[in-house]
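As a plain string of letters, each chain reads:
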Amino acid sequence: MISALWVMVGISLLLGAVLGFSAIKFKVEGNPLVEKIDAVLPQTQCGQCGYPGCKPYAEAIAKGEAGINKCPPGGDEGIHKLADLLGVEYVPFGEGTAPKPKAVAFIDEQTCIGCTLCLQACPVDAIVGAAKQMHTIIAAECTGCELCIAPCPVDCISMLPLGEDISSWKWQYPTIPLVQVAAQ
Amino acid sequence: MRPLFKFHGGVHPPTHKAESTGRPIAQAALPSKLVIPLHQHVGNRAVPVVQVGERVLKGQVIGRPEGRLSSAVHASTSGTVSAIDMQLVAHQSGLPDLCITLIPDGKDEWIAHSGVDYRQTAHTDLRHLLRQAGVVGLGGAVFPSDMKSYSHKHQIRTLVINGAECEPYITCDDMLMRERAGDILRGAEVLRELLYAEEVLIGIEDNKPEAIAAMQQAVLEDKHAHMEVIAVPTLYPGGGAKQLIRVLTGIEVAAGVRSTEMGVQCFNVATAYCVWRAIAFGEPLLSRIVTVTGNVEHAQNFEVLLGTPVDELVAQAGSKPDTERHIMGGPMMGVDLPSGSVGVTKATNCIIEASSRLFPPPPPALPCIRCTRCADVCPAELQPQDLYWFAKARDFGKAQEYHLFDCIECGACAYVCPSHIPLVQYYRFAKSEIWQREREAQAAELARERHEFRLMRIEREKQEKAERLAQKEKAALAAKASAPAPNPEPAIAAAPATADPDDTLQMRIDAAVARAKEQAAAAQPKNTDALTAEQQAEIDAIEARRAKIREMAAHAGADDEPPKSNQG
Amino acid sequence: MWSSPFITQPSSVSQIMLRVLLALIPGIALYVWYFGPAILVSIALASVTALATEAIMLKLRNRPIKPFLSDNSALLTAWLLALSIPPLAPWWMVVVGTAFAIAISKHLYGGLGNNPFNPAMIGYAVLIISFPVHMTHWLTPHALGGTELTFGEQLGYMFNGALPAGLTLDAVTMATPLDTLKTQLHLGLSVDSIRDMPIYGHLAGKGSEMVAIGFAIGGLYLLFIRIISWHLPVAFLAALFATAGVFHLVDPVHYVTPLFHWFSGAAMLGAFFILTDPVTSPTTARGKLIFAAGAGLLTYLIRAFGGYPDGMAFATLLMNICVPLIDAWTQPKVFGKKGGGK
Ligand code: SF4
Ligand code: SF4
Ligand code: SF4
Ligand code: SF4
C-alpha cells in the first residue's frame, strides 16, 4: 500500500518536473493568442474598432476587453473566425457597424496640394509624395481604411469601390440546383 | 505494337463527332469587325501597341508580350483599330476585359514576313520567334509555347503530340490531321529539336481512323525518324495531357509537377501546326480551326480569324433559331459564353450551339448517396464525393488535404452522378475561394508589415527628435549656466528627485517640450528679440507655408468643379 | 449561370433503387413459394408506412416532397425490413419498425445520404429488442408438412392476432434454423444430430436456404449491372466462411459448416442488399473490404457466441459506426502521387 503510494507520488513528481521543464524549454515568445487573433484580423488598420490598429484590437480581445464584433472590414466571416478561434459564441455586428464593400482610396491629382497630411495619416504608407508635390496612392498597398480622407484639406481623396475583374472573379457557390429543389 | 498503359476511370459520353466531319475545313468569311482580346493566353496580358484610328496590317503586332510569361497578339487582318476598351470576352465570368476592336478593310494585306530555316537558327531565337508569333497551346490550355519548348535542366526523352481529342462534338484536331498532317509533323520535328527529345509519340484516339491513316501516311512520306503514330483507346478524358502521357508512356505526372521533370513534354497537334507556320513562313497565329456544331443546319469546321464574333461565325453554319446559348469547347469542360458578341480566341476549339432540346437543363440535385460512381470514373483517382462534401461545407482546408487541386475539372464525376450534383462547380467554387483567400492573406500580411514598419519608423523619428531636443536643451542649459540664472523653475528641479529613475529621460523630454512651448508662448507677444535667428526663420517658413496652403486650397476649391463634372 | 459538364448520364437515384428492388424479386418469389403470401402483405404494409412516414418527415423538415419521395429509397428500406422480420409479424410491428427506421434513423440524421446507420437494420434492431417474442415466430415452410394456415388465416393473425380455433401459435410457426441450432447446441446435442432434424435441408434450413439462393441470384444481377461493387459481398462472405470454417475444422461437433452460415439467416440478403447500402458503407475499395470483412466476422461471432440467433443486423450497425474512420484511414493515393518512382 505504502509502496504504491510512493510510486504514485514519484510518478507525479516526475511528470510535474517534465511539465515544468518543458514549460521553460518551449516557452513561446510574446503572447501567442494576440498573434493568432491578429492573424485573423484583416489588417486594414482603420481604427473602426475603436483601437488604433488591428494589433491593439487583438490585444484588447485577448484581454477580454473588447467584443469580437467590432471590426467591420473583417466582415461576418471575420467574426465567425474569431468566434471559432476563441471558442465563443458568434455575435452579429452591432448597429451601424456593417461592413462596406472593399475600396481603395484615390487622390484627385489635379486638386492635391501636396500638404502631406494624408501621408501622415496612412497606416500602411500607401501614399507616396513629398511636401508640395502631388501625392498618389499605391492601390496595391492601400487597405481602404479611409483614414486619409478626413485630414485632406482640399477633399481630394475619394474611395473607389474595388470592382470584380476577370482575375479576381470567383465561382459562385452552386445554389441554382438547390433552389430548384426547394422551389418544387 | 507498343504496350499502352491505362489511367483510372474515364467515361464514354456519346461522341457526336460524325456531324462535323462530313465536310472539309472551310475558310470563314471575313467578319464585319474583329474583337481581339489582349489576354488570350496564360500569363500576363499583352500591352496594346497601337492607337485608336491606326491602320494595321494583317500579322502586325497589336499587343506586345509583357513579362516572361506572355504572348504577342496580332491583327488578324488588315484594317483600322476602332477601339481599345473593355469588351465582353469568352470567359465564364461574363466580365469584360481589354480588347482591341478592328474594322477590316477587306484587303487582307499582309505585313512583310518571312520564315527561317530552323536547323540554321539558334534555339533561343526560335523560341523568341514563337513568342513574337503568339503561339500558345491550342488544345485549350493556351500556355505560351515558347515557355514549353524548353527543356531547362531536365532531359526530355519523349515528346507527346496530342491528337486524342477526347471531348464529344469537337473535331477540329481530327480535321486538321486529316488535311494538314505534313505541316503538323514538321512542327513536331521543330519542337523535337527544341527539346532534344529522342522520340515523338503522336496519340490519336481510335475513333478517328482517317486522321490516324493520314498521319501515318505523312510520317512515311516525309521519312520522319523517331516518330510514331499511336492509336489510343477512346475514353474520356484520354485527351488530357496527363492522361495521354500516362497512356503512351506509363508516366504519371502529379499535380504541381512539370512533365519535363519526368522527361516528357506534350503539345497539341494544332500547336505543332502553328509552330511550323510561324517558323517556316513567319506567319503569326492569326486564325485557328473551330468546330461549329450542335443546333446548326450543317455542322462544320472553319478556319476562323481570331477575334471573329461568335454570332457571325455560327451564322455561317446555319445556327437554328431555337438556340439558347453558345458553349465554347466541349460539353464536358466547355464554357457557357456570356454573349454571342465575344470574339473567337486562341482557346476556342469548338462552338456548340445549345438548345434545351439538345442540352436539357440538369434535373434537380439530390443529396449524395455515396455511391462512389464518381470515384470510379475520376481520372485523377480522387474521392469526388468527399471533395464535394468539404466544398459544400466550405471546409477548404480539408478539401485541399483531399487533393482538391489535383482535380482536372474533367467533369467525369458530375457526368455519372446519379444525384445530378454539379460536382465540378463545387470544386471550382472551392478552388477560387481558396485562391481569393490566399490573395487576401497576402494583402493582409503586406499591410501588417507596412503598418509595423510605419510604427517603427514613427518611433524612431520620435526618438531622434527627442535626442535632438535633449541636445538643444543641454546647449541652452550650458548657455544659461554661463549667464546669471534668473528664476530656476522648481518643477524641473523637483522632477528628477521624485521621478522613478527609469522615467527620467522621458520626463526630461516632456519637460523640455513643455518649456519650449511655454517659452514660445511667452516670448512671441512680448519681444521677438528673444527669438534666435533660427527660430525666427522657422516661424516665417511655417507662416508662409500656411498662407500658401490656404491660398491653394481656395484656388483648388474654385477649380474643383470642372474636372469633377468631366469625370462624371 | 450554367457550368460544364452540360451533359449527364441518364441515371438517377430512383433508377438505381428501382433496380435494387427488382433484384429482390427472385428472393421474394421463392419466399412466397415456400412460406406463403403473407410476406407480400408485410411488404405492402411496410411500403405504405415508409412512404407515408417519408412524406410526413419531408413536410416537417420543409423539404421538397416529390423528388425525394420518388427516389425509391424509402421503399427499399421498407422491403428490406419486411424481409428481415417474421412474415407473420403483427401489423403494428411492421408499422412501428418501418416508421422508426424512416423517421428516426433516416430523417433525424438529415435524410437521404446523411444517415450513418442502415435504416432497415435499425428498424430490425428496435423490433428485436422491444418485441423479442414476436420476432421468433417464423412460418413453417410448406415442405415440412404440418399444419398450414391459409392466406386468410394468416391475415387474421397479422391484423387481429387471432388464430383459428384449436391452433396454437407454436403449432404453425417455428424458430428459425439458426435459432433452433443455437437452442439445441445449448441442450448439448451435436451439430450432426441437429442437422438430421427435419427442418434442415441440404445447405441450411429447408425453404429458407432456397430463399437465400434467390437473394444471391438477385445480388449477382446487381453485381452484373454494376449497381454494387464486388468488394462488399465477396469480403463479407469470405470472412464469414473463413471464420466459420476455422471453428468447424477445429470442432465439427459444436460448430456447423461455413455453408450453413452462408445460407441461413440474413447472410445472403445482408451480403448483397444490406451491406451494399452506399450511404452507410465506406467509399474506398480498401475500406469496403475492411468493412464487409468486419461485418462477416462479427456476424459469425454473434451467431456463435452472442445472445441473438442472427448477427447480421448488429454486425452491420456496429460496422456502420466505423465507416467514417475506415474511410479516413483508407484514402487511396491519387494520380501521380503513388510514390515508388515513376
Ligand atoms: S476595425 Fe480596422 S483597425 Fe480595427 S481590427 Fe478591423 S481592420 Fe483593424
Ligand atoms: S491610402 Fe488612405 S485609405 Fe488607403 S490605406 Fe492609406 S490612409 Fe487608408
Ligand atoms: S456519384 Fe454523386 S451520389 Fe454518387 S458518390 Fe459521387 S457525388 Fe455522391
Ligand atoms: S472533375 Fe475532378 S473530381 Fe471530377 S472526375 Fe474529373 S478530376 Fe475527378
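Per an unreviewed UniProt entry, the recorded name for chain A is Electron transport complex subunit RsxB, and the organism is mine drainage metagenome.

A.B. asks: Got a sec to walk through the interface of chain B and chain C? Specific residues and values, please.
C.D. replies: The accessible area lost on association of the parts is a frequent measure of interface size. If you look at the interface, chain B gives 54 residues, while chain C gives 40 residues. For the pair chain B and chain C, the summed buried area comes to about 4,000 Å², and 59% of that belongs to carbon and sulfur atoms. Here chain B and chain C share one salt bridge between them. The interface formed by chain B and chain C includes 16 residue pairs in polar contact (both at pLDDT 80 or more).

A.B. asks: Talk me through the nonpolar core; I want residue IDs and the actual numbers.
C.D. replies: The biggest cluster of nonpolar side chains holds 102 residues, and the ones touching the most others in it are Leu24, Leu83, Phe236 and Phe273 of chain C. Tyr236, Phe267, Val310 and Val416 of chain B belong to the second largest nonpolar core, which has 86 residues in total.

A.B. asks: Just give me the short version of helix H6 (residues 119–130) of chain C, but keep the residues and values in it.
C.D. replies: Residues and elements named next belong to chain C. Taking 1.5 Å as the rise per residue, H6 with 12 residues should run 16 Å; its terminal C-alpha atoms sit 16 Å apart, in good agreement. H6 sits mainly inside the fold: nine of its 12 residues count as buried. Taken as a whole, H6 has its buried residues at Pro119, Ala120, Met121, Ile122, Gly123, Tyr124, Ala125, Leu127 and Ile128. Those residues of H6 hidden inside the fold are in contact with helix H4 (73–84), helix H5 (91–107), helix H14 (267–274) and helix H16 (312–329). One side-chain oxygen at the N-terminal end of H6 lies 3.1 Å from the backbone nitrogen of Ala120; it belongs to Asn118.

A.B. asks: Can you lay out the domain arrangement of chain A for me, pointing to particular residues and giving the numbers?
C.D. replies: Residues and elements named next belong to chain A. Split into domains, chain A comes out as domain 1 (32–86) and domain 2 (100–164). For domain 1 versus domain 2, the separation of C-alpha centres amounts to 24 Å. Facing four residues of domain 1, the contacting portion of domain 2 comprises six residues. Ranking the residues of domain 1 by area buried against domain 2 places Thr44, Gln45 and Cys46 at the top, with a combined share of 79%.

A.B. asks: Which residues make up the sheet that holds strand S11 (residues 227–232) of chain B, and what values go with them?
C.D. replies: Residue and element names in this part refer to chain B. Ordered in space as S11-S10-S9-S12, the four strands form an open sheet in which the pairing is parallel. With one partner strand each, in any of the chains shown, S11 and strand S12 (264–268) form the two edges of the open sheet. On average, each strand axis in the sheet is inclined to that of its neighbour by 25 degrees, with strand direction left out of account. Alignment of strand S10 (residues 199–205) against S11, held across six bridges, turns out to be parallel. Within S11, the position partnered with Glu205 by the bridge is Val232. Sheet strands touched by helix H5 (residues 209–221): S10 and S11. Its angle to S11, the strand with the most contacts, is close to 170 degrees. Across the face of the sheet, helix H7 (residues 269–281) comes into contact with strand S9 (158–162) and S12 while running at roughly 80 degrees to S12.

A.B. asks: Before we move on, can you summarise unusual backbone geometry with the specific residues and values?
C.D. replies: Residue Tyr236 of chain B is joined to Pro237 of chain B through a cis peptide bond whose omega torsion reads -5 degrees. Relative to the helices and strands, Pro237 of chain B is located in the loop between S11 and helix H6 (241–249). Cis geometry is adopted by the peptide bond preceding Pro5 of chain C, which originates at Ser4 of chain C and carries an omega value of -5 degrees. Mapped onto the elements of the fold, Pro5 of chain C is located in the segment before helix H1 (13–35).

A.B. asks: Just give me the short version of the site of ligand 1, but keep the residues and values in it.
C.D. replies: Neighbouring residues of ligand 1: 14 residues in total, closest Cys46, Gly47, Cys49, Cys54 and Cys71 of chain A. Residue composition of the shell around ligand 1, grouped by class: nine nonpolar, five polar and no charged.

A.B. asks: Requested: an account of the site of ligand 4, with residues and values cited.
C.D. replies: All names here are of chain B. Around ligand 4 sit Cys378, Pro379, Pro384, Cys407, Ile408, Glu409, Cys410, Gly411, Ala412, Cys413, Val424 and Tyr427, and those are all the residues in its vicinity. Contributing elements (two or more residues each) for the shell around ligand 4: helix H12 (412–416) and helix H13 (423–482). When grouped by side-chain class, the residues that make up the shell around ligand 4 number 10 nonpolar, one polar and one charged.

A.B. asks: Kindly report on the confidence of the model for chain A, identifying the contributing residues and their values.
C.D. replies: Residue and element names in this part refer to chain A. Considering every residue of chain A, the mean pLDDT works out to 79; 88% of them sit at 70 or more. No element of chain A has a lower mean pLDDT than helix H6 (residues 176–183), which averages 41, and none a higher one than helix H3 (residues 54–63), which averages 88. Low pLDDT, under 50, characterises residues 177–184; the predicted model gives this stretch 14 contacts beyond four residues in sequence or across chains.

A.B. asks: Break down the pattern of salt bridges for me, citing the residues and quoting the values.
C.D. replies: Residues and elements named next belong to chain B. A full pass over the atoms with the stated rule returns 37 salt bridges over all chains. A salt bridge links Glu199 to Arg2; the nearest nitrogen and oxygen atoms lie 3.3 Å apart. Here Glu199 is found in strand S10, whereas its partner Arg2 is found in the segment before helix H1 (18–21), with 197 residues between them in sequence. One network of salt bridges, with partners in common, ties together Arg2, Arg157, Glu198, Glu199 and Glu228.

A.B. asks: Before we move on, could you go through the domain arrangement of chain C and cite the residues and values that matter?
C.D. replies: Residue and element names in this part refer to chain C. Looking at chain C, the domain boundaries give domain 1 (12–173) and domain 2 (175–328). Each of domain 1 and domain 2 has a C-alpha centre, and the two are 20 Å apart. Counting residues at the interface gives 33 residues for domain 1 and 30 residues for domain 2. Summing both sides of the interface, domain 1 and domain 2 together bury roughly 2,700 Å²; the carbon and sulfur share of this comes to 80%. The tally of links from domain 1 across to domain 2 stands at zero salt bridges. Counting the contacts that link domain 1 with domain 2 gives two residue pairs in polar contact (both at pLDDT 80 or more). Put simply, the parts of the chain that give the side of domain 1 that touches domain 2 at least two residues each are H1, H4 and H6.

Rules and cut-offs
Residues numbered from 1 in each chain as written. Chains lettered and ligands numbered in written order. Predicted model: local features only at pLDDT ≥ 70, side-chain atom pairs only at ≥ 80, totals over all residues. Heavy atoms only, no water. Contact = heavy atoms within 4.5 Å. Buried area = accessible area lost by both parts, 1.4 Å probe. Salt bridge = Lys/Arg side-chain N within 4 Å of Asp/Glu carboxyl O. Polar contact = N/O pair within 3.5 Å; in protein donor to acceptor, adjacent residues only side chain to side chain. Core = buried A, V, L, I, M, F, W, Y, C linked by side-chain atoms within 4.5 Å. Buried < 20%, exposed > 50% of the residue type's maximum accessible area, 1.4 Å probe, protein only. Helix = DSSP H or I, 4+ residues; strand = E, 2+ residues; numbered from the N terminus. Expected span 1.5 Å × (residues − 1). Domains from an automatic or database assignment. Pairing = 2+ DSSP bridges. Axes fitted to C-alpha atoms, helices over the stretch in contact; angles between N-to-C directions. Near = heavy atom within 4 Å. Nonpolar A, V, L, I, M, F, W, Y, C, P; charged D, E, K, R; others polar. pLDDT = per-residue confidence, 0-100.

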